[in-house]
Amino acid sequence: MKKGQVYEGSVVRVDFPNKGIVCVGDETAVVKNSLPGQKVKFSVNKVRKGKAEGRLLEVTEKSPLETGRTCSLFGLCGGCTYLSLPYEEQLKVKEEQVKRLLDSVLNKQEEAWIFEGIKGSPKAYEYRNKMEFSFGDEYKDGPLALGMHKRGSFYDIVTVADCEIVDADYRLILQSVRDYFARAKVSFFHRMSHEGYLRHLLVRKASRTGEILVALVTTSQDPWQGETAVEGSLDADALITGFKDLLLSLEQDGKLVGKFAGILHITNDSIADVVQSDHTELLYGQEYFYEELLGLKFKISTFSFFQTNSYSAEVLYQTARDYVGDLGGSDKTVFDLYSGTGTIAQILAPVARKVVGVEIIEEAVVAARENARLNGLDNCEFIAGDVLKVVDNLTQKPDILVLDPPRDGIHPKALRKIINFNVDEMVYVSCKPTSLMRDLLVFREAGYEVKRACLVDMFPGTVHVETVVLMSRKDK
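Presented here is a report on the structure given in the accompanying data block. Since the model is a prediction, treat every value here as computed from it, not as a measurement.

**A short note on the overall build of the chain**
Inference 1: When its secondary structure is counted, the chain shows nine helices and 22 strands.
Inference 2: Relative to the globule expectation of 23 Å for 476 residues, the C-alpha radius of gyration of the chain, 24 Å, shows essentially globular dimensions.
Inference 3: Dimensions along the principal axes, computed over C-alpha positions, put the chain at roughly 80 × 65 × 40 Å.
Inference 4: Relative to its full complement of 476 residues, the chain shows a buried share of 55%.
Inference 5: In the chain, once contacts between residues fewer than 6 apart in sequence are set aside, the share between residues at least 24 apart is 64%.
Inference 6: Only carbon and sulfur atoms are counted for the fraction: they give 48% of the accessible area of the chain, which is about 20,800 Å².
Inference 7: Mean positive and mean negative side-chain charge positions of the chain (60 and 68 charges, respectively) differ by 6 Å.

**Description of the nonpolar core**
Inference 1: One finds Ile173, Phe181, Leu201 and Phe243 to be the most contacted residues of the largest nonpolar core, which totals 134 residues.
Inference 2: In terms of residues, this core owes the most to one element, helix H3 (residues 236-252), which gives seven residues.
Inference 3: Met1, Val22, Ala29 and Tyr82 belong to the second largest nonpolar core, which has 17 residues in total.

**Regarding the sheet that holds strand S7 (residues 130-137)**
Hydrogen bonds along the backbone pair up the strands of a sheet, which may run parallel or antiparallel.
Inference 1: If you trace the seven strands from one edge of the open sheet to the other, you get S9-S8-S7-S10-S11-S12-S13, paired in mixed fashion. Only two strands of the sheet have a single neighbouring strand rather than two, namely strand S9 (157-158) and strand S13 (279-285).
Inference 2: Against the sheet, H3 makes contact with strand S10 (198-205), strand S11 (211-218), strand S12 (259-267) and S13, and its axis sits at roughly 165 degrees relative to S12, the strand it touches most.

Definitions and cut-offs
- Counting of residues starts from 1 at the beginning of each chain's written sequence and follows it residue by residue.
- Local features in this predicted model are restricted to residues whose pLDDT is 70 or higher, and side-chain atom pairs enter the listing and the counts only when it is 80 or higher, whereas totals over whole chains, interfaces and linings include all residues.
- To get the side-chain values, take all heavy atoms of the structure and skip hydrogens and water.
- Under the DSSP-based scheme used, a helix requires at least four consecutive residues in state H or I and a strand at least two consecutive residues in state E, with every element numbered from the N terminus.
- The quantity called the radius of gyration is restricted to C-alpha atoms. Its globule counterpart is 2.2 Å times the number of residues to the power 0.38.
- Any residue under 20% of the maximum accessible area for its type is buried, any over 50% is exposed, and the rest in between are partly exposed; the area is computed with a 1.4 Å probe on protein chains only.
- Whether two residues are in contact is decided by their heavy atoms, any of which lying within 4.5 Å being enough.
- Only the protein chains shown count as covering a residue, and every accessible area follows the Shrake-Rupley method with a 1.4 Å probe.
- As used throughout, the charge tally considers Lys and Arg to be positive and Asp and Glu to be negative, leaving His and the chain termini uncounted.
- One atom stands in for each charge, and that atom is NZ of Lys, CZ of Arg, CG of Asp or CD of Glu.
- Residues belong to one nonpolar core when they are buried, are Ala, Val, Leu, Ile, Met, Phe, Trp, Tyr or Cys, and are joined through side-chain atoms within 4.5 Å.
- Paired strands, in this sense, are two strands between which DSSP finds at least two bridges.
- Under this scheme, a helix contributes an axis fitted over its contacting stretch, all axes are lines through C-alpha atoms, and angles between N-to-C directions fall in the 0 to 180 degree range.

Here you go:
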């Protein structure tokens, strides 16, 4: 294949995370965002060592597998790649992808290992407990939009009014807030000029308790950028009060299933396109809500990390607990490295003598300690710091290690220090299979074998999946 040329072919499979393998005669190319069985037209933008990569131009024929339930913006919004596939087909695609990766790493392993397949989400739709919506326009100088970025675009936003991965409360809040600010002709923050007012709308809803936390993120600039407001008497303070009153009216009128725990106004003047706070004003209620998992209660604030699918989080954490529990953990000390807000640590606490969590984000550690107290767990200790540095100061030797690193996996230097603990068993929870494979190669070279592995689908409709691996020393 030649760079710059346009070709048409059939997608024979999809490799992780969303790399469609397209056959054109005897040749193949990688085309992202395509699905098994589709016929696609693509332009080749890279050829290296005989391997071609292409950009999807058009789906000329849908896959016979595409019989799933989609929203009106499927393919335009950058959120859900697999939504058009029935959920069982999504699971098959993800299972095959990760199994191929595991086989490529473990095919020379001397001892047998058990692949336990994939565990689906209890809810395939309307499962998310957190969304960060962006303000913008769908096209230059178009009407105000509130939702997700268009696929492949840094600037354009589409209003995801019928999004399938959130429930009706999210959709109602999104549409009501967009309409309110559109009527008031309020400006949005332009990512090039760094001028404008509206930035993000953060919505969190506890799946088990139904409590809702909403945060409007704006700059400190003039909402109308010097123009006259559509309502002459409206000023910035009245605008924010009206936003709060709008949301509360949805609850008071019985239009919401859930109930508001808190409504916040966050000011963020950073030029970076991130959700952060220079100043937070509490407009109503409190700055947190409670969620429940596996009989435990968790206090979650605006910026707290928490798994975005509470239903699958229970499946994931139960799986991790089962892997540890199979080792007779009741008299064991467990180190939970990259512990976040301590969710895994607290769920493991009942089957361990002691759990020590290490997490670099101090706010998360504070939340972990508070949640442990809330749940009456006195055998959990949480340490704030980088795993790379903290492990040097840990004098107690763990019996079992649980690893749940960020998407890029474990820092190579930290990986060597973790191996030096010389534990007999460890459980690795990964949200990015390719990072896991890289780290597994190092563990194998250090004398560890994979015993069991399974997948948990935390993100239906998307290309992402969690992997849980149990490893043991060869000489155990």
